[in-house]
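Per-entry structural report
Here is what each chain is made of, one letter per residue.
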Amino acid sequence: MAVSVRDVAVAASVSVGTVSNVLNRRDKVATETVTRVLAAIEELGFVRNDAARQLRAGRSRSIGLVVLDAGNPFFADVARGAEARAEEDRLSVLLGNSDDDPLREDRYLDLFREQRVNGVLISPASDDVDKLERVKNAGIPVVLVDHELPGSRFCSVSVDDVEGGYLAVRHLIDIGRRRIAFIGGPSSIAQVANRLRGARRAVDETPDAALELIEIPALTVLNGRTAGEEIVRREPSQRPDALFAANDLLAVGVLQALTMFSTVRVPEDIALIGYDDIDFAAATVVPLSSIRQPARLIGHTAVDLLLRFIDDPDGDYERNVRFQPELVIRQSTSG
Ligand code: RIB
């Protein structure tokens, strides 16, 4: 039987209201009383029922999460990490897929407002701060996921994608490649634009290296395959000797085109590196080198930051958490 607020009140010889004040408005309670109530909480092993508190506050027991592409294993892992942390407070995660479409994104934000979710986590399809301000002004805190808006007041959990792009191309240069192509797009996706910036930094610091940009309309396996087929149709002397795909889904498609429909050898003729290090990356026909993002940790941290902000909006904690990417070397760039 769970210990109730009433049990704590009896043990500390105070009213239920005083226990609630110690939990929520401690500054209104005499120090001696706070000490006595906290001792009773400790002795009885009372655990605060946040979900009940939030139900009373007219909130649903859920958190909204809007991702750019629910079909991308990276975001599926972000959602899993978010769920793991939400379940610790007996909250659920409602997943919305914007497909990188701002109008679809708007519909999910409206739905989450109607559902009175406790908060919204979002990997935004644009840098439209006004729409996020509208959610915040409706009393629903917002945490940016896999993205940050420098100068904004929004909490965020992200990865240094400029550093990630640099690591990817620095590695290709370190294995001796110089005619490098970046396959990615659209540049409206901040993560893609930042990875390209990092790639350019690595090339710019290497005198005999060159970077070609192969733009694609969306980060999908099919677009990767189309890009790979275009490269294979070139004269061998016109082909890059290394490819950096903006994410692993693209890299999987490129790998299909190079290895299944041509005599191009990976990595001997063309080295290939992706980004995200999704589970499939290690299982591809030529195990894929990638830049790893801690997807589940990103999701877990985003929910934790949201709940901390709900409990203590003015508290002294980091509001913009940024993880570092990690180079994972496999057969597609070695040997
Ligand atoms: O959806 C765009 C990309 O950005 C994903 O593949 C993932 O890398 C995210 O960070």
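Look up a bit, the structure's there.
The sections below set out a description of the structure shown in this document. (Residues numbered from 1 in each chain as written. Predicted model: local features only at pLDDT ≥ 70, side-chain atom pairs only at ≥ 80, totals over all residues. Heavy atoms only, no water.)

1. Side note on the packing of helix α5 (residues 73-88) against helix α12 (residues 295-311)
In contact at an axis separation of 6 Å, α5 and α12 are set at 40° when each is read in the N-to-C sense. Compared by their axis directions, α5 and α12 come out oblique. As α5 packs across α12, the resulting crossing turns out to be right-handed. Along its contact with α5, which presents Phe74, Asp77, Val78, Arg80, Gly81, Ala82, Ala84, Arg85, Ala86 and Glu88, the element α12 presents Ala295, Arg296, Ile298, Gly299, His300, Val303, Asp304 and Leu307. A per-class count over the contact of α5 with α12 returns nine nonpolar, three polar and six charged. (Axes fitted to C-alpha atoms, helices over the stretch in contact; angles between N-to-C directions. Helix = DSSP H or I, 4+ residues; strand = E, 2+ residues; numbered from the N terminus. Parallel < 35°, antiparallel > 145°, perpendicular 65-115°, else oblique. Left-handed = near helix turned anticlockwise from the far one by under 90°. Contact = heavy atoms within 4.5 Å. Nonpolar A, V, L, I, M, F, W, Y, C, P; charged D, E, K, R; others polar.)

2. Quick notes on the packing of aromatic side chains
Between two aromatic rings, the relevant description is the distance of the centres plus the angle of the planes. Counted by the stated rule, this structure contains four aromatic pairs. For the pair tyrosine 108 and phenylalanine 112, a centre-to-centre distance of 6.1 Å together with 40° between the ring planes defines the contact as tilted. Here the residue tyrosine 108 and the residue phenylalanine 112 both occupy positions in helix α6 (residues 102-114), the gap between them amounting to four residues, near one helical turn. Classification of tyrosine 108 by relative accessible area gives partly exposed; the value is 24%. Both rings, one in phenylalanine 182 and one in phenylalanine 244, keep their centres 5.3 Å apart while their planes meet at 70°; by these two values the pair is edge-to-face. One end of the pair, phenylalanine 182, is in strand β6 (residues 179-184); the other, phenylalanine 244, is in strand β8 (residues 242-245), with 62 residues separating them in the sequence. Comparing phenylalanine 182 with phenylalanine 244 shows no difference in burial state: the two are buried. One aromatic cluster in this structure is built from Phe182, Phe244 and Tyr275. A cation over a ring is seen here: arginine 201 above tyrosine 166, with NZ or CZ 4.3 Å from the ring centre. (Phe/Tyr/Trp six-rings, centres within 6.5 Å; stacked < 30°, edge-to-face > 60°. Buried < 20%, exposed > 50% of the residue type's maximum accessible area, 1.4 Å probe, protein only. Lys NZ or Arg CZ within 6 Å of the ring centre and 35° of its normal.)

Spatial relationships are all this shows, so hold off on functional conclusions.
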